Every structure is written in C-alpha cells, then in structure tokens.
Amino acid sequence: MIEIIDLTKKYGKFTALDKLNLTIEKGSVFGFVGQNGAGKSTTFSILATLLSPTAGTAYINGFNITKDPKAVRNQIGYMPDFFGIYDQLKTVEYLDFYGASYGISQSERKKLIPQLLELVNLTHKQDSYVDVLSRGMKQRLCLARSLIHDPEVLILDEPASGLDPRARVEMREILKELKSMGKTILISSHILPELAEMCDTIGIIDQGRLVAQGSVAEIQQRLEGDKLIIVKLHSNLERAIQFFEDQPAVSRLVKGEDGNSFQFIFTGNAEEQMQLLKTGLNHDLAIVSFAEVETNLEDIFMEITKGVELT
C-alpha cells in the first residue's frame, strides 16, 4: 500500500530525511514516533506531494509520488499538523466546499456530509460556525475533510496535538473506527502510549533516520535486560535497600516518596529476576510486593534514541 524507498530530503548541508525505507501494508495502522525536527512532518509532506524529495521515491497504491502526484492525491487523505480553517463558514458549508473541490456532485455531498459528521461526532454542530468550535472539534472536522473523497490511505500528522484528555479519547475512538473500515493509516504523535494502543507497528525516527521498526512487543525486546522493578516493604526498608544495592545486576536504586518502597534498574533475565526475589525472601526481607513496571512507548523511545550517532 505504501512503499518508501531511500527517501531523502536535504536543505543545503542539512539532511532532514536520510534514506528512509519503509513498507506499510494495506489496512494497517503505522505509528511514526519522533521528536520535533526528527523528520516526521517532512516525510508526510513528501508523501502528500507537497514537498519534493532530494532523492529516493515512494509509492502509494502503486502510484509514484513524483511521477504521478495527481493520482496519489486521489488515494490519500492528508491532515497536516497545522491546517487552515475558514472561520466564516458553517461546519456543513466547510465540508461542502471541500467536497465540491474534489468534484463530488451536490446530490452526493448531501448524502455524504451527514455521514461524515456522524463519524466524527459533530452532527450536533452541523450549523455552527467553524470559529466557535473547540480545538478538538476543529481537529475532528479536519479529519472529516480528509475523508470527503473516501481515500484508501490516511496520512495524519499529529492529529491529537494540543487536545485535552477527553478530546484525545474521542480522536482515538474515531481512528479505531476508521481502521475497522479498512483504511490504511499513517499517523504521527507525541502521545506515545496512545499510539501503542492503536498501531499494528511503529517506527521510531531520529535525526532523519529510522532507528527502530516493528510491533511494540518486538521493540520492547530490544530493552531485554533493562527492567524497572518496584519493591514495597512492610518493614526494615534500609536493610532491604542495603541487600538490593549489593546485588551486581541492580543499579540506580531510588527510594519511594511513601517511605516503604524503592525502585531500581535490573539488568538480568527473567530467571535471574525470579532468583533475586527468592534470595531476598530467604534473607527474611519483609517484601510485600516485587513488580516489574511494563515499559511504555516513551521509555522505548528514550532508550533507543539515546546516544544515536549518525555517520
């Protein structure tokens, strides 16, 4: 569905995107993770045919982004991180304008627009002017705009940026619905745990290069041996701390604010972790709980991009 081959973008001596290679299967949701300036928006702008690559190319539904940009635009729905809003139009007028721009007949638009408003939960705002909508509502309206011509591929650049928690949940539910409809979705976000819930695969980009790719579980395996453990005690906290600090696989031990717990980084495998707990209990440590904290996507990103050097 989407095939990116050695995609490169340079601005003078600065390389914004460096030989990106990526394949995204039909009907899947791919999450693009990276800091500001990592190359996410550059990639999306090139795929949307708004920016020409310095080298390399990409195909969307078999159409070359540089040789057949018009066909590519018919295949995609693009939602940029910053978008224009016609404030003096009502919600239905806004969608009607874009529908007409895509050559959709008036009779088709009358049927389509109510369906899109229902999909993005804006039916109750159909007669409201765009400028009175909340940021979350404007985001959902722009998503509806990108769906007006029923594209097979959605390219969504930071669709949840700046939204409050409720609006983020609403956006996430809409994207899940679009996935169930068979849409292929390429999405970027700084809200990394939410991407983990939504995406089949993720890619981590840093300084213009893809430094990791795969399912969340696959990427977590790269951190095997670096686990965050939290221990809670019934009593004798200092004695327990001394015991764990003496263990060779334990580092960066920090006391908890509650006064009866601490956490540390453990660099052993699962069997060694089990043995550590067993040894602690054999030393009569009053351990109430001994739990590994599941690594989230933010932890993965920070660890994988830590110390990345490009040549």
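Residues numbered from 1 in each chain as written. Predicted model: local features only at pLDDT ≥ 70, side-chain atom pairs only at ≥ 80, totals over all residues. Heavy atoms only, no water.

Caption draft 1: A look at helix α4 (residues 106-119). Taking 1.5 Å per residue, 14 residues should reach 20 Å; α4 reaches 20 Å between its end C-alpha atoms and fits that length. Turning to α4, its buried residues are R109, I113, L116, L117 and L119. Those residues of α4 that are buried lie in contact with α3 (91-101), α5 (135-146) and α6 (165-180). Backbone geometry just downstream of α4 places N121 in the positive-phi region, at approximately 60 degrees. (Helix = DSSP H or I, 4+ residues; strand = E, 2+ residues; numbered from the N terminus. Expected span 1.5 Å × (residues − 1). Buried < 20%, exposed > 50% of the residue type's maximum accessible area, 1.4 Å probe, protein only. Contact = heavy atoms within 4.5 Å.)

Caption draft 2: Structural context of the sheet that holds strand β12 (residues 250-255). One open sheet accounts for 4 strands, arranged β12-β13-β11-β14; its pairing is antiparallel. Every other strand in the sheet has two partners, leaving β12 and β14 (287-293) as the edge strands with one partner each. With direction set aside, neighbouring strand axes in the sheet form an average angle of 20 degrees. Strands in contact with helix α10 (residues 270-282) are β11 (227-233), β12, β13 (261-266) and β14; relative to β14, the strand with the most contacts, it is inclined by about 165 degrees. (Pairing = 2+ DSSP bridges. Axes fitted to C-alpha atoms, helices over the stretch in contact; angles between N-to-C directions.)

Caption draft 3: Inspection of unusual backbone geometry at higher detail. Phi angles above zero are rare outside glycine, and D6 is one such case at about 50 degrees. Relative to the helices and strands, D6 is located in strand β1 (residues 2-11). One non-glycine residue, N61, adopts positive backbone phi at about 55 degrees. As for its position among the elements, N61 is in the loop between β4 (55-60) and β5 (63-64). The exposure class assigned to N61 is partly exposed, which follows from its relative accessible area of 26%.

Caption draft 4: Representation of α3. Every buried residue belonging to α3 is among T91, Y94, L95, Y98 and G99, and all of these are buried. For α3, the angular spread of buried residues about the axis comes to 130 degrees, placing them on one side. Contact partners of the buried residues in α3: α4 and α5. Looking one or two residues past α3, G103 carries a phi angle of roughly 80 degrees, positive in sign. (Arc of directions from axis to C-beta.)

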